[in-house]
Amino acid sequence: MTHSATSSEIIAAITAVLGNAPRPVALHEPLFVGHENAYVTSCIDAGWVSSVGSFVNRFENDLASFCGAQHAVVMVNGTCAMHAALMVSGVQAGDEVLVPALTFVATANAVVHAGAVPHFVDVEESALGVDPVALRSHLEGVALRQSGHTVNRLTGRRIRALMPVHVFGHPCRLEELAAIAQEWGLQLIEDATEALGSTVDGRPVGGRHTAVFSFNGNKIITTGGGGGVTTNDEDLYLRLKHLTTAAKQPHAWAFLHDEVGYNYRMPNLNAALGCAQLEQAPRFLAAKRALAAAYARAFTGLSGLRILPSPPGTESNYWLVTLLAENADPGWLDTTLQALHGAGLQCRPVWQPLHLLPMYRHHPRSPLPRTESLAQRIISLPSSVRLGLPLLPA
């Protein structure tokens, strides 16, 4: 398998988009051009800097509205948000949770934090999300329905939930996966940590099912460190808010706790930053999509390479613009990345497939041929919001 496109040609295509952007060009960096300073300063001036304050409530309301959900709860980071979402969805110690093998390690780590076992499944090439066809085939081979539950007949453990990921902001085949989850009696929790602003059939990700978001410093909008959960389930929302506030019962002065809870609530300072960032989200998303379109034009005709587009019926936020090689010779990835970094372009590969990490090598999994192939063929290009702003109409 041979690529005609050389590292020099790849660098030239990227440079055609970025122009004279100062080197090195970061993979993804935050942009603060709105009311960030004013809102954060108001927290400091008022003294409300911890997990109680008006900006926490405002950010939750704004986030829910942005995603078309009834409720949102914001927390200190995306991993904590994922952990909390798993727990309130009924995941218990010893359960298995189906997760893609091609995702950031936090997806599997949160399952372990909940006392459960990650069960790795394969992804598809068109969107990098869980492959519904492969998932259905795998479940038919290893799972059985027993007393109203789905059990892994190889391990004897209950398979409790499915947590698909919208990788790099590209929406997965969510409704097909939701249908499989319903058929097998599984809880569905969206890992939308990379997908704020992505849409499926014109509706924002996070408005249909319980979904988890991240507002880390490398995301499209950031709270510094931060995460959140959106849901339309009133009971789940109330449980989530209680559990992540140290399970403290409301009282004017007494400290009354009715279970082991978690101190996961987002501080007001971070929420203030988030409110200012979310106000700019439509413009930020437009810039990201303009950048992705410019990359797609630059790589047109470059042999063996393409920019991964939004799947049909969806609109990606293009958190990280994905360069996909049709095939890859051994060593192509490292050689290309070395050349890109040498040119001041801080590109990166996709994550190491989770089933190859030392702590997850012996976990249950389906056949993972596409995951292992894609891991050798993906490069994420510089994708910061500021790189796309000059491409927008004046």
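In what follows, the structure referred to is the one given above.
Residues numbered from 1 in each chain as written. Predicted model: local features only at pLDDT ≥ 70, side-chain atom pairs only at ≥ 80, totals over all residues. Heavy atoms only, no water.

Here we look at the overall build of the protein chain
Item 1. Scanning the protein chain from N- to C-terminus turns up 13 helices and 17 strands.
Item 2. By the compact-globule yardstick of 21 Å for 394 residues, the protein chain fits well, its C-alpha radius of gyration being 21 Å.
Item 3. Projected onto the principal axes, the alpha-carbon positions of the protein chain cover approximately 65 × 60 × 35 Å.
Item 4. Buried positions account for 56% of the 394 residues belonging to the protein chain.
Item 5. When contacts within the protein chain are restricted to residue pairs at least 6 apart in sequence, long-range pairs at least 24 apart make up 73% of them. (Helix = DSSP H or I, 4+ residues; strand = E, 2+ residues; numbered from the N terminus. Rg over C-alpha atoms; globule rule 2.2 N^0.38 Å. Buried < 20%, exposed > 50% of the residue type's maximum accessible area, 1.4 Å probe, protein only. Contact = heavy atoms within 4.5 Å.)

A short note on the pattern of salt bridges
Item 1. For the structure on display, the rule yields 17 salt bridges.
Item 2. In this structure, the salt-bridge partner of Glu 60 is Lys 241, at a minimum N-O distance of 3.3 Å. A residue pair is termed long-range when its members are at least 10 positions apart, and Glu 60 in helix H3 (residues 54-67) and Lys 241 in helix H8 (residues 234-243) qualify at 181 residues.
Item 3. By relative accessible area, which is 3% here, Glu 60 ends up buried.
Item 4. Among the ionic pairs, Glu 125 bridges to Arg 306, the shortest N-O distance being 4.0 Å. Linking Glu 125 in the loop between strand E3 (117-121) and helix H6 (132-142) with Arg 306 in strand E13 (residues 305-307), this pair joins segments that are 181 residues apart in sequence.
Item 5. Take Glu 125: its relative accessible area is 21%, and that puts it in the partly exposed class.
Item 6. One continuous salt-bridge network, built from bridges that share partners, spans Glu 125, Arg 306, Glu 326 and Arg 377. (Salt bridge = Lys/Arg side-chain N within 4 Å of Asp/Glu carboxyl O.)

With respect to the nonpolar core
Item 1. Counting residues in each nonpolar core, the largest one holds 49 residues, and the members touching the most others are Phe 59, Phe 168, Leu 196, Phe 213, Phe 215 and Ile 221.
Item 2. For this core, the element with the highest residue contribution is H3, accounting for six residues.
Item 3. Leaving out residues up to four positions away in the same chain, Phe 59 has contacts with Val 74, Phe 215, Thr 223, Met 266, Ala 271, Gly 274, Cys 275 and Leu 278.
Item 4. Val 91, Val 212, Tyr 264 and Leu 368 belong to the second-largest nonpolar core, a separate cluster that totals 34 residues. (Core = buried A, V, L, I, M, F, W, Y, C linked by side-chain atoms within 4.5 Å.)

Points about the packing of H3 against helix H9 (residues 268-279)
Item 1. Where H3 meets H9, the axes come as close as 8 Å, and the angle between the chain directions of the two elements is 35 degrees. Where H3 crosses over H9, the two elements pack in a sense that is left-handed. Mapping the contact onto sequence places Ser 54, Phe 55, Val 56, Arg 58, Phe 59, Asp 62, Leu 63 and Phe 66 in H3 and Asn 268, Ala 271, Ala 272, Gly 274, Cys 275, Leu 278 and Glu 279 in H9.
Item 2. Each residue belonging to the contact of H3 with H9 can be placed in one class, and the counts come to nine nonpolar, three polar and three charged. (Axes fitted to C-alpha atoms, helices over the stretch in contact; angles between N-to-C directions. Left-handed = near helix turned anticlockwise from the far one by under 90°. Nonpolar A, V, L, I, M, F, W, Y, C, P; charged D, E, K, R; others polar.)

Points about the pairing of strand E1 (residues 71-75)
Item 1. Most of E1 is tucked away: five of the five residues are buried.
Item 2. By the alternation rule, side chains of E1 split into His 71, Val 73 and Met 75 and Ala 72 and Val 74, which are all buried.

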